[in-house]
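Inside the fold
Residues per chain are reported as follows:
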Amino acid sequence: GVNGSISTAKVNNWANENTLTWTKTFNKVHNLSVLGGFTEQGNTSSTYGFGAINLPNESLGISGLDEGTLNPATTIARSSLWTSASFLSRVVYNYNSLYYLTFSYRADGSSKFTEQNHWSYFPSGALSWRFTQEKFLKDNKVISDGKLRFSYGKTGNNRVGDFSYLSTMAVPASYSYSFGNSWISSIIPQTIGNPDLKWETTDQYNLGLDLSFLKSRINLTADLYRKITKNLLLNATLPTSTGYTTAFENVGSVQNQGLELTINTINVNTKDFSWRSSFNISFNQNKVLALANGQETLLTSVYWDNGWDGIPAYVARVGQPLGLMYGYIWDGAYQYSDFNKTATGTYVLKDNVPTNGNTRTSIQPGDIKYKDLNGDGVVNASDYTVIGNSLPIHIGGLNNSFTYKNFDLNLFFQWSYGNKIQNNNRLVFEGSAIGGAYLEQFASYADRWSATNQSSSNFRAGGYYGGGYSSRTIEDGSYLRLKTASFGYNFPAKLLQKIKISSLRIYVSGQNLWTLTNYSGLDPEVSTYNSVLTGGFDYSAYPRARTIAFGANITF
């Protein structure tokens, strides 16, 4: 129409890496390798643009923007940059392929911190013992290879804004004011900087075992690990007395520990037929060790609807996992027995029956009901509790590959077990928590509470009251999925020689072909908001597509 804008964004990434490696063997049993290097990289970005309103000649399109009235809200002039550099070194030694020692050390520098905090230092080391090279196991017919490993390392993270350590000012159009006949821009404080920002660090310990049996037909890898991340780079909440809502700080600590197992097997291996399998499973436990400024609890909202922006959906507590869902315990619907009937035929909630966040006189039979956890007779934010964990107990995969003569078949299954999903679609389409009665509803809401259907678990039409999330929409997110499958045929070489082709394979493959789950949403493999603080939140997420492809690989 008569309004328009244009902007141009540019990003330039560059990197330079230099390494030098020296290897030497002494007396045929001492093997040494030394590496040294220097790397650097950087990024520059910019966005420039402007807009105008009330163009007198809209047929000119963008070319006529200069004829309109400048629109400050769409006028942009923004640029930024960051650079980093690293010095790295590594020494690897092994004695007769029996004992192994690795030591690494790196210094990383980032422009995202002040000069005194540019650099941080990250050592790591590993020891391993290939015990099958010892004399007592060297000719063992059952165990063909085996190694015991232990490692420790420190790594860093600098993922904050390019200039988060500096305070920023802004000239927003919404803060402009008129003075006489002129429009005056105002400069205001926007964010508060933190010159003490420094690298986030993670210490990881790992104990591993590698075993091969029966001439490497069965291979097992097991890893037990613990990671402790300190000085997390978080946009922490500030006291309102500061005049700012948040600022980046090095606060908090999180621990992850778990067990990972991988098994690879050659089940059958003949001239015409082979069958190979690969299985892996991972168990991870997560725990908050510390939060910002001595906090014991961190509440997180999800910004999916204006009416719910200030309502906490997740909670993190010291000593508990991240990603815990937060809200009321759902307790079905109010029944007639919960009310006193007045002489005028209206219903009033009994004094000994807790409310649901609505006023006692407004609650009616069939309304949604929550548990009053503190027993004060009123359901409110004091009755919020943990209602689900977005992190699974274990995840894994199973892959099977088959070949028969010139045919091949591959099947890969993956799963997740024990995680919960907040199916927020049900808040909208199973009782109209938001949006009003004009919205279409899920078919499951056809069976809802009414005077003639009092046994339904769904509340009555119009009987929902918000005030918080609840366990009603928390569902089991466990699933087993046939993630990929492919079937192919390789044409015989003798046949291809006649048409001067080296190889020809035709195939059909598919992704997300089949899923076993009790989750009522479109896809259990979902997290609308990609944060460990708000995991497993499903609102209007697009499901993974089922894809089937046909193809051919031809080599001339």
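Residues numbered from 1 in each chain as written. Predicted model: local features only at pLDDT ≥ 70, side-chain atom pairs only at ≥ 80, totals over all residues. Heavy atoms only, no water.

1. Considering the overall build of the protein chain
For clarity, the threshold we go by: A run of H or I in DSSP counts as a helix once it spans at least four residues, and a run of E counts as a strand once it spans at least two, with each numbered from the N terminus. For the radius of gyration, the atom set is restricted to C-alpha positions; the globular benchmark scales as 2.2 Å times the number of residues to the power 0.38. Relative accessibility under 20% of the residue-type maximum defines a buried residue, over 50% an exposed one, and the middle range a partly exposed one, all with a 1.4 Å probe and only protein chains included. Any two residues whose heavy atoms approach within 4.5 Å are treated as being in contact. Note on areas: these come from Shrake-Rupley sampling with a 1.4 Å probe, and a residue is covered only by the protein chains present in the view. In this tally Asp and Glu are treated as negative and Lys and Arg as positive; neither His nor the chain ends contributes. Charge positions are represented by NZ for Lys, CZ for Arg, CG for Asp and CD for Glu.
What the protein chain contains, in helices and strands, is two helices and 33 strands. Taking 556 residues into account, the globule formula puts the C-alpha radius of gyration at 24 Å, and the protein chain, at 31 Å, lies well above it. When the backbone C-alpha atoms are referred to their principal axes, the protein chain occupies close to 100 × 70 × 60 Å. Counting over 556 residues, the protein chain shows a buried share of 34%. A sequence separation of at least 24 residues applies to 65% of the contacts in the protein chain between residues at least 6 apart. When the accessible surface of the protein chain is totalled, it reaches about 31800 Å², and 55% of it is carbon and sulfur. Counting 44 positive and 38 negative side-chain charges, the protein chain places the averaged centre of each group 14 Å from the other.

2. Description of the sheet that holds strand β19 (residues 312-317)
We apply this condition: Strand pairing is defined by DSSP finding a minimum of two bridges between the two strands. Geometry is summarised by axes, namely lines fitted to C-alpha atoms with helices restricted to the contacting stretch, and by angles between N-to-C directions that run from 0 to 180 degrees.
Sheet architecture is open: four strands sit in the order β18-β19-β20-β25, paired in antiparallel fashion. Here the strands that pair on one side only, and so sit at the sheet edges, are β18 (297-301) and β25 (385-389). Neighbouring strand axes in the sheet, compared pairwise and without regard to direction, differ in orientation by 40° on average. Relative to β19, β18 runs antiparallel, the two sharing five bridges. The residue of β19 that forms the bridge with Leu298 is Ala316.

3. Points about the layout of surface pockets
Short version of the rule: Only protein atoms enter the 1 Å grid used here. Points where a 1.4 Å probe fits but cannot escape make up a cavity, open sets with protein on both sides within 12 Å along at least five of seven lines make up a pocket, and a residue lines them when an atom lies within 4 Å of a point. Grid points are joined across faces, edges and corners, and a volume is the space filled by probe spheres set on the points. Gly is put with the polar residues, along with every residue not named as nonpolar or charged; the nonpolar set is Ala, Val, Leu, Ile, Met, Phe, Trp, Tyr, Cys and Pro, and the charged set is Asp, Glu, Lys and Arg.
Its volume calculated, the largest pocket comes out at about 810 Å³. Forming the walls of the largest pocket are 29 residues, and the residues nearest its centre are Leu233, Leu234, Asn235, Leu298 and Leu533. For the lining of the largest pocket, the elements supplying multiple residues, two or more each, are β7 (143-157), β12 (200-213), β14 (233-237) and β18. When its residues are assigned to classes, the lining of the largest pocket shows 13 nonpolar, 12 polar and four charged. By volume, the second largest pocket amounts to about 660 Å³. Along the walls of the second largest pocket sit 30 residues, with Ser390, Leu391, Pro392, Ile395 and Ser416 positioned nearest its centre. Those elements that place two or more of their residues in the lining of the second largest pocket are β17 (273-290), β26 (394-404) and β27 (407-417). For the lining of the second largest pocket, the leading source of residues is β17, giving five residues.

4. Description of the nonpolar core
For the record, the criterion: In this description, a nonpolar core means a group of buried Ala, Val, Leu, Ile, Met, Phe, Trp, Tyr and Cys residues linked to one another through side-chain atoms lying within 4.5 Å.
Within the largest apolar cluster, 24 residues are counted, with the highest numbers of intra-cluster contacts made by Trp304, Trp308, Tyr464 and Tyr469. Among the elements of the structure, β19, β20 (324-327), β24 (368-370) and α1 (425-429) are those that each provide at least two residues to this core.

5. Focus on a nonpolar patch on the surface
Convention followed: A patch is a set of surface residues, each over 30% in relative accessible area and not in a salt bridge, joined within 9 Å for like charges and within 5 Å for the nonpolar side chains Val, Leu, Ile, Met, Phe, Trp and Tyr. Put simply, a salt bridge is a Lys or Arg side-chain nitrogen that is within 4 Å of an Asp or Glu carboxyl oxygen.
A contiguous nonpolar patch, built from Tyr95, Tyr99, Trp129, Phe136, Leu148, Phe150, Tyr205, Leu207 and Leu224 and spanning about 870 Å² of accessible area, is present on the exposed surface. Put simply, the parts of the chain that give the nonpolar patch at least two residues each are β7 and β12. Assignment of secondary structure puts Leu207 in strand β12.

6. Things to note about the pattern of salt bridges
Taken as a whole and assessed by the stated rule, the structure comprises 16 salt bridges. Residues Lys483 and Glu525 are paired through a salt bridge, measuring 3.5 Å at the closest nitrogen-oxygen approach. Taken together, the residues Lys483 in strand β30 (residues 479-490) and Glu525 in the loop between β31 (503-517) and β32 (537-538) connect sequence positions 42 residues apart. A cluster of three or more residues bridged by salt bridges with shared partners is formed by Arg481, Lys483, Asp523, Glu525 and Arg544.

7. Structural notes on the sheet that holds strand β29 (residues 474-476)
Backbone hydrogen bonds are what pair the strands of a sheet, in a parallel or an antiparallel way. Overall, mixed pairing links the three strands, which are arranged β29-β28-β32 in an open sheet. Looking at strand neighbours, the two that pair on one side only are β29 and β32, the edges of this open sheet. Sheet analysis places strand β28 (residues 420-423) next to β29, joined by three bridges and oriented antiparallel. In the strand pairing of β29, Lys420 is matched with Asp476.

8. Let's talk about the side chain of Thr355
Defined as follows: Under the rule applied, a polar contact is a pair of N or O atoms within 3.5 Å (in protein, one hydrogen donor and one hydrogen acceptor; residues adjacent in sequence only if both atoms are side-chain atoms).
On the secondary structure map, Thr355 appears in the loop between β23 (347-349) and β24. With a relative accessible area of 5%, Thr355 lands in the buried category. At 3.2 Å, the side chain of Thr355 forms a polar contact with the backbone nitrogen of Val379.

9. Topic: the pairing of β26
For β17 and β26, the ladder comprises 11 bridges, and the chain directions are antiparallel. Note on β26: the bridge partner recorded for Ile281 is Gly396. Pairing of β26 with β27 involves 11 bridges; the strand directions are antiparallel. Bridge pairing links Ser401 to Asn410 in β27.

10. Here we look at the environment of Thr240
Examined against the element boundaries, Thr240 turns out to sit in the loop between β14 and β15 (246-250). By relative accessible area, which is 76% here, Thr240 ends up exposed.

11. Details of the side chain of Glu249
Summarising the element assignment, Glu249 is placed in strand β15. The buried charged residue Glu249 lacks any salt bridge partner; its closest oppositely charged side chain belongs to Lys198, at an N-O distance of 12 Å. Contact partners of Glu249, with chain neighbours within four places excluded, come to Asn194, Leu197, Leu232, Leu233, Leu234, Ala236, Leu238 and Asn293.

12. Description of unusual backbone geometry
The phi torsion at Asn96 lies on the positive side, around 55°, for a residue other than glycine. On the secondary structure map, Asn96 appears in the loop between β4 (76-95) and β5 (99-110). Overall, Asn96 belongs to the partly exposed group, its relative accessible area being 40%. Phi at Lys215 takes a positive value of approximately 55°, unusual for a residue other than glycine.

13. A short note on the packing of aromatic side chains
Here is the rule: Any pair of Phe, Tyr and Trp rings, taking the six-membered ring for Trp, is counted once the centres come within 6.5 Å. Such a pair is stacked with planes under 30 degrees apart, edge-to-face with planes over 60 apart, and tilted for the rest.
Per the counting criterion, the structure on display carries 28 aromatic pairs. Ring centres of Phe407 and Tyr489 lie 4.7 Å apart, and the angle between their planes is 45°; on these two criteria the pair is classed as tilted. You can see Phe407 sitting in strand β27 and its partner Tyr489 sitting in strand β30, a full 82 residues away along the chain. Classification of Tyr489 by relative accessible area gives partly exposed; the value is 22%. Measuring from centroid to centroid gives 5.6 Å for Tyr529 and Phe537, while their planes differ by 70°, and the two rings are edge-to-face. Residue Phe537 is classed as buried on the basis of its relative accessible area, which comes to 0%.

As far as function goes, none of this settles anything; it's purely spatial.
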